[in-house]
Amino acid sequence: MSGPMKMKWAAAAVTLAILAATYAMFLLYFSLHGKQTPKAENGLLDLSGWPFGDEGVVPLDGEWEFYPGKLMTHEDFLTSAQASAQPQERIEVPGVWPAHVDTLGVATYRLRINIDDDVPVYGLKTSSIQISNRIIVNGKVVGASGNPAERARYAAKNQPYVGYFTLRAGENELIVQVANYEMPAGSGINESIFLGQASQISELRDKALAHDWVTFAAFLIMGLYLIGLYSQRRNDYSLFAFGLASVFIALFSSTRGERVLLGMLDSVPFWLYLRIQIVSALLAGMGFLLYVYTAFRPFCSRRLVRIGVFAGALLTVLSASFLPEIMTELNRQLTTVYSTFPFLYAIY
C-alpha cells in the first residue's frame, strides 16, 4: 500500500475513533445523570410514592398490556371477568410491535397507574406514536392524533399533543388505541409518553416547541442569507450549496420533534408530510455533499461525490414516487446513512 493511501486510511480510522469516543462519552454522561423513575411491570405502574412536585414528570415506560388486532375501550375492562376474558400480551414501551404482529393494522395498549398524590389536574404529553392514536384515561378521551380506526374510517396523522385530566386516588386506567396502514417500517408507541402535573406538562411542551421553532428558524434564516449572498458572489458555489442544505435541514427539522410544520399547515395530508420528511433529509445530505466538494475541491474525490449525488437523486425519486411501498426499516436506515455520510466525509 502506497504512502498516500496509508495516510487516507489512517485519517479515516482516526475520524471513526473520534466519533466513536464522542458518542460513548455522551452515552455514558446521559446514563449516569439520567433520573431514575419507576417502571411499569406486568401492566401496572406504581406511582404511589412519587412526589410530582419535587421530582417532576414521569415517562410511562415499561411493560404494558398489549392487545393486537383490536381497538378496545374502557367498557371492555369494566369487570374483572371481562378483563380476564381478553387475550392479552405484554409489550415494552417505548418500542414497536413485536415481530409476530402484522405491522399494518390496529392494536390497543393498556396501563394501570397507582396514584396517591393529591394533584388537582394532571397532564400527559406524547412524543411519537405510529401512526394515528387516541388516549383514553378512566373512560374519557383526553387526546388524539388522526383517527385510529379500521381501514375504512382511518385517518393518518402522527403529531405530538398534550391532554389534561383528573385522576382518583388508587388505580387509574390509561388506554392507547393505535392504527397504522401507512408505514411498514414500524408501528406503536416508539417514544415515551410523559405524565405529570398540568403545569409541568405545559412547561415541557413549551420548551419542546421553543427548541424546534428556534432550530427551524435558525437554519432557514442562515440558508436564505447564504443563498442571497451567493447572488452577490456568483463564483462561490459553496455559498449556494450550503444555503440549500440549510434550507432543507430547516424543512426536515419542521417534520421532527413537535412537528412544527403541522402547526403551520395543519391541513397537510400525511402522505405529503411523510414525503417532505424523507425527501428533505436526502436533499439536505446531497446539498451538504455538494458544499464539501465546492468548498474543499482539492481534497475531495470527484468520483465519490458523483456517486453520492447519483445515489441521493435515485433515493429521492424513489421516495417521492413509491414511498408507501419502500418505507421499510432498511429504507429508513439508508436515508439516515446517506444524510450522515457528507458530515463524516467533511470531518475526514
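Residues numbered from 1 in each chain as written. Predicted model: local features only at pLDDT ≥ 70, side-chain atom pairs only at ≥ 80, totals over all residues. Heavy atoms only, no water.

### Focus on the nonpolar core
Put simply, the rule is: Here the nonpolar core consists of buried residues drawn from Ala, Val, Leu, Ile, Met, Phe, Trp, Tyr and Cys, with membership extended through side-chain atoms lying within 4.5 Å. Here's how the labels work: a residue is buried when its accessible area is under 20% of the maximum for its type, exposed when over 50%, partly exposed in between, all with a 1.4 Å probe on protein chains only. Helix and strand assignments come from DSSP, with helices taken as H or I runs of at least 4 residues and strands as E runs of at least 2, each series counted from the N terminus. Note on contacts: a residue pair is in contact if any heavy atoms of the two residues lie within 4.5 Å.
Ranked by internal contacts, the top residues of the largest apolar core, which has 34 residues, are Trp64, Tyr109 and Val176. Contributions of two or more residues to this core are made by β1 (44–47), β3 (62–68), β4 (89–93), β5 (105–115), β6 (122–125), β8 (132–137) and β11 (170–180). At 5 residues, the largest contribution of residues to this core is made by β5. Each residue touching Val176, except ones within four places of it in the same chain, is listed here: Trp64, Ala107, Thr108, Tyr109, Ile129, Arg134, Ile135, Ile189 and Ile193.

### A closer look at a nonpolar patch on the surface
The cut-off we apply is this: Two joining distances apply to patches: 9 Å for like charges and 5 Å for nonpolar side chains (Val, Leu, Ile, Met, Phe, Trp, Tyr), and every residue must have over 30% relative accessible area and no salt bridge. Only the protein chains shown count as cover for residues, and all accessible areas are computed by the Shrake-Rupley method using a 1.4 Å probe. Salt bridge, as used here: a side-chain nitrogen of Lys or Arg that lies within 4 Å of a carboxyl oxygen of Asp or Glu.
Together, Trp213, Met264 and Leu265 make up an exposed nonpolar region whose accessible area comes to about 280 Å². Its location among the elements puts Met264 in helix α6 (residues 260–264).

### A few points about the layout of surface pockets
What counts, and what does not: Lining residues are defined by having an atom within 4 Å of a point belonging to a cavity or pocket. Those points lie on a 1 Å grid over the protein atoms alone, cavities being sets where a 1.4 Å probe fits but cannot get out and pockets being open sets with protein on both sides within 12 Å along at least five of seven lines. Grid points are joined across faces, edges and corners, and a volume is the space filled by probe spheres set on the points. Following the grouping adopted for this structure description, the nonpolar residues are Ala, Val, Leu, Ile, Met, Phe, Trp, Tyr, Cys and Pro, the charged ones are Asp, Glu, Lys and Arg, and the polar ones are all others, Gly among them.
When its volume is computed, the largest pocket comes out at roughly 630 Å³. Lining the largest pocket are 29 residues, with Phe252, Arg256, Gln277, Arg332 and Thr336 sitting closest to its centre. Those elements that provide at least two residues to the lining of the largest pocket are α5 (237–253), α7 (270–295) and α9 (329–347). Ranked by the residues each element gives to the lining of the largest pocket, the list is headed by α7, at 9 residues. When grouped by side-chain class, the residues that make up the lining of the largest pocket number 12 nonpolar, 12 polar and 5 charged.

### Regarding the packing of aromatic side chains
How two aromatic rings sit relative to each other is set out by the distance from centre to centre and by the angle between their planes. Using the following cut-off: Two aromatic rings from Phe, Tyr or Trp, using only the six-membered ring of Trp, form a pair when their centres are within 6.5 Å; if the ring planes differ by under 30 degrees the pair is stacked, by over 60 it is edge-to-face, and anything between is tilted.
Applying the stated criterion across every chain yields a total of 14 aromatic pairs. Measuring from ring centre to ring centre gives 6.1 Å for Phe66 and Trp97, while their planes differ by 50°; the resulting arrangement is tilted. Here the residue Phe66 occupies a position in strand β3, and Trp97 occupies one in the loop between β4 and β5, the gap between them amounting to 31 residues. Phe66 gets classed as buried once you look at its relative accessible area, which sits at 0%. The buried category is assigned to Trp97, whose relative accessible area is 7%. Judged by centre distance (6.0 Å) and plane angle (80°), the ring pair of Trp213 and Phe216 falls under edge-to-face. With Trp213 and Phe216 both in helix α4 (residues 198–230) and 3 residues apart, the pair spans about one turn of that helix. With a relative accessible area of 37%, Trp213 lands in the partly exposed category. These aromatic residues form a ring-pair network of at least three members: Trp64, Phe66, Trp97 and Tyr109.

### Some points on the environment of Phe165
Here Phe165 is to be found in strand β10 (residues 162–165). Overall, Phe165 belongs to the buried group, its relative accessible area being 9%. Considered as a pair, Phe165 and Val121 are 44 residues apart in the sequence and their alpha carbons are 5.7 Å apart. The contact partners of Phe165, leaving out residues within four places of it in the chain, are Val121, Tyr122, Gly123, Leu124, Val137, Val142 and Leu195.

### Regarding empty space enclosed by the protein
Applying the stated rule across the entire model yields 2 cavities of 30 Å³ or more. Quantified by volume, the largest cavity comes out at close to 50 Å³. In this structure, the largest cavity is lined by Ile113, Val137, Phe165, Leu167, Asn172, Glu173, Leu174 and Leu195. In terms of residue count, β11 provides more of the lining of the largest cavity than any other element does, 3 residues in total. Across the lining of the largest cavity, the residue classes tally to 6 nonpolar, 1 polar and 1 charged.

### A closer look at the side chain of Ser192
In plain terms, the rule: Polar contact is the term for a pair of N or O atoms within 3.5 Å; when the atoms are in protein, one must be able to donate a hydrogen and the other to accept it, and sequence-neighboring residues count only if both atoms are side-chain atoms.
Its place among the elements puts Ser192 in the loop between β12 (188–189) and β13 (194–197). Separated by 2.9 Å, the side chains of Ser192 and Asp61 make a polar contact. Residues in contact with Ser192, not counting those within four places in the same chain, are Pro59, Asp61, Pro94, Lys125, Thr126 and Ser127.

### Some points on the pairing of β5
The cut-off we apply is this: In short, DSSP must find at least two bridges between two strands for them to pair.
For β5, a buried count of 10 out of 11 residues is recorded, marking the element as mostly surrounded by other parts of the structure. Sheet analysis places β1 next to β5, joined by 4 bridges and oriented parallel. Bridging across to β5, Leu45 finds its partner in Ile113. Pairing geometry for β5 and β11, over 11 bridges, is antiparallel. Directly across from Ile115, in β11, lies its bridge partner Gly170.

### Some words on the packing of α5 against α7
Condition: Angles shown run from 0 to 180 degrees and are taken between the N-to-C directions of axes, each axis being a line fitted to C-alpha atoms and, for helices, limited to the stretch in contact. For classification, angles of less than 35 degrees are called roughly parallel, those exceeding 145 degrees roughly antiparallel, those between 65 and 115 degrees roughly perpendicular, and all remaining angles oblique. Working rule for handedness: look at the near helix, and if it is turned counterclockwise from the far one by less than a right angle, call the crossing left-handed; if clockwise, right-handed.
Where α5 contacts α7, the two axes come as close as 8 Å, and the packing angle between them is 160°. The orientation of α5 relative to α7 falls into the category roughly antiparallel. Seen from above, α5 lies across α7 with left-handed handedness. Taking contact as the criterion, the partners of Tyr237, Ser238, Ala241, Phe242, Ala245, Phe248, Ile249, Leu251 and Phe252 in α5 are, on α7, Ile276, Gln277, Ser280, Ala281, Leu283, Ala284, Gly287, Phe288, Leu290, Tyr291, Thr294 and Ala295. Looking at side-chain class alone, the contact of α5 with α7 contains 16 nonpolar, 5 polar and no charged residues.

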